[in-house]
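Listed below, chain by chain, are the residues.
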Amino acid sequence: KALQMLSKRGNDPIRVMVIVSAYVEVPEVVAAIVHHPDKLVRQSCHVSSVSTCIDLRNLFISNQTCFPKIIEQCSEGWVNNIIVTGCNPSKQKGKDERISFLRTLNPSCSIIEVVGNNYVDKDSIEEICAVDAFSESTLPISRHLTAPGWYSLKYKPNPPFIPITYLTVSFSGDLCKARFMSHLKSLHQKEGRVYVDRLMMSGSIFYVGGRTKFSDDNNLYTLECTPRSEAISLNIFNKPLPPGSKNCFVFTGYQITEEQVKQWLQGCAPKPPVKKENYTKFSLSAKEKELLKMQASAEKLPEGWFYNGSHYVSMMDGKKMEHPLLMILFRSLSTRRTRKLSCLTNE
């Protein structure tokens, strides 16, 4: 019905952009469109152009190894444009070598560099939305050489050379925004060391995405983070959610475990409130006790008390080693400290 309604608009081409997650090969996606089970969709749609978006900071999993499926997602014949992000003008080290590497993978495609504010110019938009770029006469030969049998659904892509783990975690509690952002930055520092050391460590997190609320904010936020590039996108989510919806995150990585992810999220939770402790005379340090004794000795003795040189004596209460006003001074100090602690806890 949607296609029939769109067809009434006339000869204006209707463009639908299909965004595919990582670690999926282009022939699988194209074959799914070409052989769509709905006949009307299959006859009304065709692939106009294919673009791959790559962050140069996430190109290599180590100094000598690309991330899984990146080479396949740049294959000649399948990809018309490679959109390159992460081109920070202040950090040009290794940029030219990496772009040259991408050109080697696919000499016939266009390299579109996105610098700074992540906006694509008008000319690049026209290349990305080209109507017949995928149908150029020279490309089908390359497609059949790189993925033989794809059109007849006989092509079976190889699995990633390392096992990619996807974990989804739902939880009801809110997170502390400051601690959460700090933990995301610590992920970047950890993954940076992995890259420099040319190691592929178990438990490496490649991507974090989802939605959450923070304890100091009533808004719901969506998050996307790639630790290798320290790219963090945090935006307010304004659409209504079904009742009972929980905070949710998806973690992608190498041999990550549910226990590891939950422990990481627990570190982002707000700190529990400080437990109020009742002050006793045993809570005082030796220095504080001496100060209280000096303060008490400067006070006038209550009526009926006198000091005989070694003890404080009263005809009604007997004798004591401590000044009779010492306990009153301690109670006053205890009250002041309890009020101060309550104020700090409320803040």
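Every value quoted in this text rests on a predicted model; they were computed, and no experiment measured them.

Below, the discussion takes up the nonpolar core. Counting 31 residues, the largest nonpolar core has W78, I82, L102 and F206 as its most contacted members. Among the elements of the structure, α2 (26–34), β2 (81–87) and α4 (95–105) are those that each provide at least two residues to this core. Residues within four places of F206 in sequence aside, it is in contact with Y23, I61, F67, I162, I164, C225, T226, P227, R228, T252, G253 and Y254. In this structure, V169, L175, L187 and I256 belong to the second largest nonpolar core, which totals 20 residues.

All right, on to the environment of Y312 then. The residue Y312 is located in strand β10 (residues 312–314) in this model. Taking relative accessible area as the criterion, Y312 reaches 14% and is therefore assigned buried. Considered as a pair, Y312 and E322 are 10 residues apart in the sequence and their alpha carbons are 7.0 Å apart.

Moving on, we get to the packing of aromatic side chains. Tallied over the full model, the rule gives 13 aromatic pairs. Ring centres of F171 and F249 lie 5.9 Å apart, and the angle between their planes is 15°; on these two criteria the pair is classed as stacked. Highlighted residues: F171 in strand β4 (residues 164–171) and F249 in strand β8 (residues 247–254), separated in sequence by 78 residues. The exposure class of F249 is buried, given its relative accessible area of 0%. With a centroid separation of 6.0 Å and an interplanar angle of 70°, the aromatic rings of F180 and W264 are classed as edge-to-face. Of this pair, F180 sits in helix α7 (residues 177–196) while W264 is found in helix α8 (residues 258–266), placing the two residues 84 residues apart along the sequence. Take F180: its relative accessible area is 0%, and that puts it in the buried class. Connected via pairs of aromatic rings, a cluster forms that spans F171, F180, F214, Y221, F249, F251 and W264. Above the face of the W78 ring, R143 is positioned so that its terminal group lies 5.9 Å from the ring centre. The lysine or arginine in question, R143, covers the ring of F134, its NZ or CZ lying 4.0 Å from the ring centre.

Parameters and conventions
Residues numbered from 1 in each chain as written. Predicted model: local features only at pLDDT ≥ 70, side-chain atom pairs only at ≥ 80, totals over all residues. Heavy atoms only, no water. Core = buried A, V, L, I, M, F, W, Y, C linked by side-chain atoms within 4.5 Å. Buried < 20%, exposed > 50% of the residue type's maximum accessible area, 1.4 Å probe, protein only. Helix = DSSP H or I, 4+ residues; strand = E, 2+ residues; numbered from the N terminus. Contact = heavy atoms within 4.5 Å. Phe/Tyr/Trp six-rings, centres within 6.5 Å; stacked < 30°, edge-to-face > 60°. Lys NZ or Arg CZ within 6 Å of the ring centre and 35° of its normal.

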